[in-house]
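Coordinates in review
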Amino acid sequence: MTDFAVLKNMQPQPELVRENIKKDPGFGLYFTDHMSHVRYTLDDGWHAHQVQPYAPLQLDPAAAVFHYAQEIFEGLKAYRHADGSIWTFRPDRNAIRINKSAERLALPQLPEEDFIESLKALVALDQQWVPTPESAADESSLYLRPFMIATERFLGVRSSHEVDYYVISCPAGPYFSGGIKPVSIWLSQKLNRAGAGGTGFAKCGGNYAASLVPTNEAVAQGCQQVLFTDAAENKYIDELGGMNLMLVTKDGRLLTPELGDSILDGVTRRSLLDLAPQLGLEPEERRITVEEWREGAANGDIVEAFACGTAAVVTPIGRVVSNDFTIDHGEEPGAKTMEFRRTLLDIQYGRIEDKNNWMVRLA
Ligand SMILES: *Cc1c(COP(=O)(O)O)cnc(C)c1O
């Protein structure tokens, strides 16, 4: 592990501004005073580990990332516990995942220790930006966004010889203001975000670019999210644009599509599967057809549906809408859905014992 040098921001945002932002941060709008940075070149490997003032990047217009989208990212949160200490959730999983993404996008492997240290170094310096939850219902945190971009000035099509890795962070308020309400999701029957042999399992910007038109379609249909199916047959459930999907059956199983080329290996997904037995559910990863969901919801075999991911934790799904049919799970969040949500948040905020040793202290 390489230590991160510290280049302090001499003009941090005034305390009053910072405290006001923390009162109502929304999501992804306001950024802290610093960012982590590590530079990579083919000759020197990763070097110049540093936390530096948050500022716009200056990149050559011919930088590869602008043309060929050689880019990956991660997303995790820092949680302030009641004693003031700051923790994050299973960052080792994100460290492994960014390297899986890097491998697929022909970007260099970042040592896992450097990934973890890039978070620690940033949060140590910007710890006053981590909100203090006022109650168990207050789900505020500091969202951490590591990303890696190809920065070589070269328009030839090959993997970049120069790469930069950064971590930026922003305070995040509760995803659902005014109570947890089930969302409606739109079934994308023609447009896909990923396919066999593609980049669906990698956390790369390109997948998100491909999900925007279907997401706009979803919004036009009065839905908040889009559900993607497999690109080959449009028959099997994959996931949402940025969240994994889970179903709860009447006979006590937690169903989720098995991982493959087109499904992202979510840390939240993995953790809920691990927690399932404690909540009296048997986890089951396998292929699931839209038809199975539709029939199961209609005949009462499938009783709850939810989406999961770092940003929104666990989001109950009330309805699936398509051109041909609607799947209805009702107006109220399911009991197991809410139990999963509560359990995960209680672990993350240090309110219950962390039996699995998932939490890592950042500051
Ligand atoms: C990040 C992401 C998720 C959720 O992963 P978590 O590690 O649980 O935050 C799910 N699907 C996609 C496409 C994602 O990019």
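See the structure shown above.
Predicted model only: the values in this text are computed from it and were never measured.

**Regarding the overall build of the protein chain**
Helix and strand counts for the protein chain stand at 8 helices and 18 strands. The C-alpha radius of gyration computed for the protein chain amounts to 21 Å, which stays within 12% of the reference 21 Å derived for 363 residues, consistent with globular compactness. With the C-alpha coordinates aligned to their principal axes, the bounding extent of the protein chain is approximately 60 × 50 × 35 Å. Across the 363 residues that make up the protein chain, the buried fraction comes to 53%. Contacts spanning at least 24 positions in sequence make up 72% of the contacts within the protein chain whose residues lie at least 6 apart. Distance between charge centres in the protein chain, computed from 35 positive and 50 negative side chains, equals 2 Å.

**Some remarks on empty space enclosed by the protein**
As enumerated under the stated definition, the model contains 2 cavities of 30 Å³ or more in all. Approximately 70 Å³ is the volume attributed to the largest cavity. Tallying contributions element by element places strand β5 (residues 76-80) first for the lining of the largest cavity, with 3 residues. A per-class count over the lining of the largest cavity returns 4 nonpolar, 6 polar and 1 charged. Both domains that furnish three or more residues to the lining of the largest cavity are identified here as domain 1 (5-173) and domain 2 (183-348). Reported here for the second largest cavity is a volume of approximately 40 Å³. Around the second largest cavity sit K77, Y79, T268, G309, T310, V313, L344, L345 and Q348, which together line it. The element contributing the most residues to the lining of the second largest cavity is helix α8 (residues 335-348), with 3 residues. Residue composition of the lining of the second largest cavity, grouped by class: 4 nonpolar, 4 polar and 1 charged.

**Here we look at the packing of helix α3 (residues 91-104) against helix α4 (residues 112-125)**
Taken N-terminus to C-terminus, the directions of α3 and α4 make an angle of 125°; their axes are 9 Å apart at the nearest point. On the basis of the axis angle, α3 is oblique to α4. The two elements α3 and α4 cross, and the hand of that crossing is right-handed. Taken together, the residues of α4 that come into contact with α3 (itself represented by P91, D92, N94, A95, I96, I98 and N99) are E112, F115, I116 and L119. A class-by-class count of the residues in the contact of α3 with α4 yields 7 nonpolar, 2 polar and 2 charged.

Conventions we followed
- Counting of residues starts from 1 at the beginning of each chain's written sequence and follows it residue by residue.
- Owing to the predicted nature of the model, reporting of local features is limited to residues with pLDDT of at least 70; listing and counting of side-chain atom pairs is limited to 80 or more, with chain, interface and lining totals taken over all residues.
- By convention in this description, side-chain values take in all heavy atoms of the structure and omit both hydrogens and water.
- Helix and strand assignments come from DSSP, with helices taken as H or I runs of at least 4 residues and strands as E runs of at least 2, each series counted from the N terminus.
- Atoms considered for the radius of gyration are the C-alpha atoms alone. The globule rule reads 2.2 Å times the number of residues to the power 0.38.
- When accessible area is computed with a 1.4 Å probe and restricted to protein chains, residues below 20% of their type maximum are described as buried, those above 50% as exposed, and intermediate ones as partly exposed.
- Here a residue-residue contact requires only that any non-hydrogen atoms of the pair lie within 4.5 Å.
- In this tally, Lys and Arg are treated as positive and Asp and Glu as negative; His is ignored, and so are the chain termini.
- For this purpose, a charge sits on NZ of Lys, CZ of Arg, CG of Asp or CD of Glu.
- Cavities and pockets are found on a 1 Å grid laid over the protein atoms alone: a cavity is a set of points where a 1.4 Å probe fits but cannot escape, a pocket is an open set with protein on both sides within 12 Å along at least five of seven lines, and a lining residue has an atom within 4 Å of such a point.
- Grid points are joined across faces, edges and corners, and a volume is the space filled by probe spheres set on the points.
- Polar here means any residue other than Ala, Val, Leu, Ile, Met, Phe, Trp, Tyr, Cys and Pro, which are nonpolar, and Asp, Glu, Lys and Arg, which are charged; Gly is therefore polar.
- Residue ranges assigned to each domain were obtained from an automatic or database domain assignment.
- Only the contacting stretch of a helix is used when fitting its axis, a line to C-alpha atoms as for every element, and angles between N-to-C directions run 0 to 180 degrees.
- The cut-offs work like this: below 35 degrees is roughly parallel, past 145 is roughly antiparallel, 65 to 115 is roughly perpendicular, and the gaps in between are oblique.
- Crossing handedness is defined as follows: a turn of the near helix away from the far one that is anticlockwise and smaller than a right angle gives a left-handed crossing, while the clockwise case is right-handed.

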